[in-house]
There are 2 protein chains.
Amino acid sequence: MSTSAPVSVAVDVMGADGGSDLCLEACRQALQSDAALMILAAGEQALIEQRLAAWPSTLAARIEILPAEGVLPADAGAASALRRGQGSSMAVALNAVAERQASAAVSAGSTAALMVLARQILGMLPGIDRPALMAAFPTARDRCWMLDLGANIQVDAERLCQFARLGHVALTALNQVRPRTYLLNIGSEPGKGPDAIREAGRLLSADPEIDYLGFIEADRVFDGEADLIVCDGFSGNVLLKSAEGAMRLMFGEIKARFSGSLCGLIARPRLRQLHDSLHPAGHNGAPLLGVRGTVIKSHGGASAAGFAHAIGLARLEAQRNLSGAMAARLWAEDWPSS
Amino acid sequence: MSTSAPVSVAVDVMGADGGSDLCLEACRQALQSDAALMILAAGEQALIEQRLAAWPSTLAARIEILPAEGVLPADAGAASALRRGQGSSMAVALNAVAERQASAAVSAGSTAALMVLARQILGMLPGIDRPALMAAFPTARDRCWMLDLGANIQVDAERLCQFARLGHVALTALNQVRPRTYLLNIGSEPGKGPDAIREAGRLLSADPEIDYLGFIEADRVFDGEADLIVCDGFSGNVLLKSAEGAMRLMFGEIKARFSGSLCGLIARPRLRQLHDSLHPAGHNGAPLLGVRGTVIKSHGGASAAGFAHAIGLARLEAQRNLSGAMAARLWAEDWPSS
């Protein structure tokens, strides 16, 4: 039994592709593995009550229902989320953070909707215009963090610099070390790539706070020389998903070539371990940085175990008070005003 | 001994990161493995003559030197290539194609320089504004082609449609089957992604020639449902290099986990075979589509064997007269004028 103080996490239990049953199963797994966790489940009250009736009472007692009027569709855009999303399960979960009922919110719903609703409901950290999704992935040395991952598909140089600041203050707060920071580009020479990236490179080179080391190409990202990669949300999404697809292809081929052999049998646990340690999808849950509060985005298609992992991450980041630490650093340090 | 008619390929022997020695070693390997190949070596005459003096006379007799005044730097941009590139080894190789001395040209020099010089020296196919690099990579079923791969970093909807047309006519000419064509995006729903991609999706849906099937995400690219992926050069470069880096990471981890074990010894040849079949870098050489003539871009950092592979590819495409077949189709078919 953990002796930590209880932490309340608001969970949008309607937003995942797998529906509310998958989300509630994830809540059950998260509660079971963490005795100090409380969950505020945002969704359709009657439906959640019916499901909870089948739960052991000790677990059901640690869930409180936050009634919501509906759910945003998985492909909801920013405009329709702002127009019609106010009573949605996603907005209700975010409001619980704004009103300090919960220390963090988790949703597997539309990224565009989560970005605009979190911005509207929680407000932004000082000097930051737009939230960005950050996630870690494995490298040959340790791991590397990257942002943005799909929240902002087209960005200018100033937004790229804001992402660098967000990643910098988040990782400095988490690890007490200044992250070695790079801009993703299609060449490492200063003249390479689009105007916005070259201009961001010039601005970051002149910023004494950030340990900016230049451009990095997508293959070198996995070598481990970078702690933080800054990019627009389109490229970040392509990089992460391409690595996922390439690894899935390789695991499939390895399985096919080794199956049925003694060597295959011996190798299986080692390959499984490798798969789990490398596969980016194994680490579900990306913090939405830049808003005033802890918000975790889960993959829409996550499994119950994956969604439970995102809930656990929300609990961890809330306990660390990452958002508060970031706000303090952004206020304290002498960042250029935007 | 092959009985095919001899094919002459013009090779820029100065442009690779490994220098002229690597390029000439690649020429030697290519000539040795293909008795019907002739090479026109564009570069510094005295230097090439000196190297050829050490070759067996039967091989040296199949190389003709095209004297060039200099070499463009690896990071040469479009503007400096147009200003100072006219007498360079790259331009000399392209001129040999324009003047029909050679059936194809190969260079490992700057992509931006190759694009503008090929466009200027060879001219464009009907209805096409800008050349694009296309390459194949392995999937779970067979392989998939993608363009653009770095020649055009920012493109509008019309350019994306031109790339789709280029890939369509090239693959139809090569395989006699209409390729299943997708646009790379960060979601598969029609409302997802940047304006240019959504607009290109609308235009391609209305095009009766192209078998356009919608958006595809970067992980599904490796599943094998697509024959042709269309994207801007930045995203294409990120996708391919990310897959390369992820696979390199996996091979490194597998090696580390299996080394020293009997299972590792048994597995080694199978893993090597897998590496060679999957690794995108194993298939060096990308056709530059859209220009009037066959031009192959090699990786700047290719090995001698890799560069020899690119020379072999140039010979194959010249023999197939890919560029001529594409021109005929672009003239014949009722494409929307741009």
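Small disclaimer: the values here were computed from a predicted structure and weren't measured. (Residues numbered from 1 in each chain as written. Chains lettered and ligands numbered in written order. Predicted model: local features only at pLDDT ≥ 70, side-chain atom pairs only at ≥ 80, totals over all residues. Heavy atoms only, no water.)

A. Expanded view of the sheet that holds strand β10 (residues 286-289) of chain B. All names here are of chain B. Taking strand neighbours across the sheet as the criterion, the 11 strands line up as β3-β2-β1-β4-β11-β10-β5-β6-β9-β7-β8 in an open arrangement whose pairing is mixed. Taken across any chain shown, the strands that pair with only one partner, and hence form the sheet edges, are β3 (63-67) and β8 (212-216). Shown here is a sheet whose adjacent strand axes are inclined to one another by a mean of 30°, direction ignored. Note that strand β1 (residues 7-12) and strand β4 (residues 104-107) share 3 bridges and pair parallel. For Ala10, the partnering residue across the bridge sits in β4 and is Ala105. Relative to strand β9 (residues 228-230), helix α7 (residues 157-175) is tilted by about 160°, and along the sheet it contacts β5 (132-138), β6 (143-147), β7 (181-184), β9 and β10. (Pairing = 2+ DSSP bridges. Helix = DSSP H or I, 4+ residues; strand = E, 2+ residues; numbered from the N terminus. Axes fitted to C-alpha atoms, helices over the stretch in contact; angles between N-to-C directions. Contact = heavy atoms within 4.5 Å.)

B. Region of the structure containing a nonpolar patch on the surface. On the surface, a nonpolar cluster with roughly 310 Å² of combined accessible area is contributed by Leu262(A), Leu265(A) and Ile266(A). We classify Ile266(A) as partly exposed; its relative accessible area is 42%. (Patch = residues over 30% accessible without salt bridge, like charges linked within 9 Å, V, L, I, M, F, W, Y side chains within 5 Å. Areas by Shrake-Rupley, 256 points an atom, 1.4 Å probe, with all protein chains shown as cover. Salt bridge = Lys/Arg side-chain N within 4 Å of Asp/Glu carboxyl O. Buried < 20%, exposed > 50% of the residue type's maximum accessible area, 1.4 Å probe, protein only.)

C. Inspection of the pattern of salt bridges at higher detail. Residue and element names in this part refer to chain B. In this structure the tally under the stated criterion is 28 salt bridges over all chains. We note a salt bridge from Asp129 to Arg159, for which the minimum N-O separation is 3.2 Å. Within this pair, whereas Asp129 is found in the loop between α6 (111-122) and β5, its partner Arg159 is found in helix α7, the two being separated by 30 residues in sequence. Given a relative accessible area of 26%, Asp129 falls into the partly exposed group.

D. Region of interest: the interface of chain A and chain B. Counting residues at the interface gives 50 residues for chain A and 50 residues for chain B. Both faces considered, chain A and chain B share a buried interface measuring about 4,400 Å² in area, 72% of it formed by carbon and sulfur atoms. Linking chain A to chain B there are 6 salt bridges. Ionic pairing is found between Lys241(B) and Glu217(A), a salt bridge with its closest N-O pair at 2.2 Å. Counting every contact that joins chain A to chain B gives 10 residue pairs in polar contact (both at pLDDT 80 or more). The biggest single contributor to the side of chain A that touches chain B is helix α9 (residues 233-258) of chain A, with 20 residues. (Buried area = accessible area lost by both parts, 1.4 Å probe. Polar contact = N/O pair within 3.5 Å; in protein donor to acceptor, adjacent residues only side chain to side chain.)

E. Quick peek at the sheet that holds strand β5 (residues 132-138) of chain A. Residues and elements named next belong to chain A. As summarised here, the arrangement of the 11 strands in space is β3-β2-β1-β4-β11-β10-β5-β6-β9-β7-β8, forming an open sheet in which the pairing is mixed. Looking at the sheet topology across the chains shown, the edges are occupied by β3 (63-67) and β8 (212-216). Within the sheet, the average angular offset between the axes of one strand and its neighbour, ignoring direction, is 30°. By the bridge criterion, 3 bridges tie strand β7 (residues 181-184) to strand β9 (residues 228-230) in an arrangement that is parallel. Residue pairing for β9: Tyr182 is matched across the bridge by Ile229. Contacts from helix α5 (residues 89-98) reach β1 (7-12), β2 (37-43), β3, β4 (104-107) and β11 (294-297), with the element oriented near 160° to β1.

F. Just the environment of Val177(B), in detail. Relative to the helices and strands, Val177(B) is located in the loop between α7 and β7. With near-sequence residues (within four places) excluded, Val177(B) lies in contact with Leu171(B) and Thr172(B).

G. Expanded view of the pairing of strand β6 (residues 143-147) of chain A. All names here are of chain A. Burial of β6 is extensive: 4 of the 5 residues sit out of reach of the surface. Linkage of β5 to β6, two consecutive antiparallel strands, is achieved through a turn of 4 residues. Two strands pair when backbone bridges link them, and β6 and β9 are joined in this way by 3 bridges, in the parallel orientation. The residue bridging Met146 from the neighbouring strand is Ile229, located in β9.

H. Molecular detail of the environment of Met90(B). Structurally, Met90(B) can be placed in helix α5 (residues 89-98). Aside from chain neighbours lying at most four places away, what touches Met90(B) is Asp12(B), Leu72(B), Ser107(B), Gly109(B), Ser110(B), Ala113(B), Leu114(B) and Leu117(B).

I. Spotlight on the relation of the copies chain A and chain B. Mapping chain A onto chain B calls for a rotation angle of 179° and an axial translation of 0.0 Å; the resulting RMSD is 0.1 Å. What the rotation and shift describe, once combined, is the action of a two-fold rotation axis. Taken as a fraction of all interface residues of chain A, those also at the interface in chain B reach 100%, which identifies the copy contact as same-surface. (Least-squares fit on C-alpha atoms with pLDDT ≥ 70 in both.)

The quantities given are spatial measurements derived from coordinates; they are silent on function.
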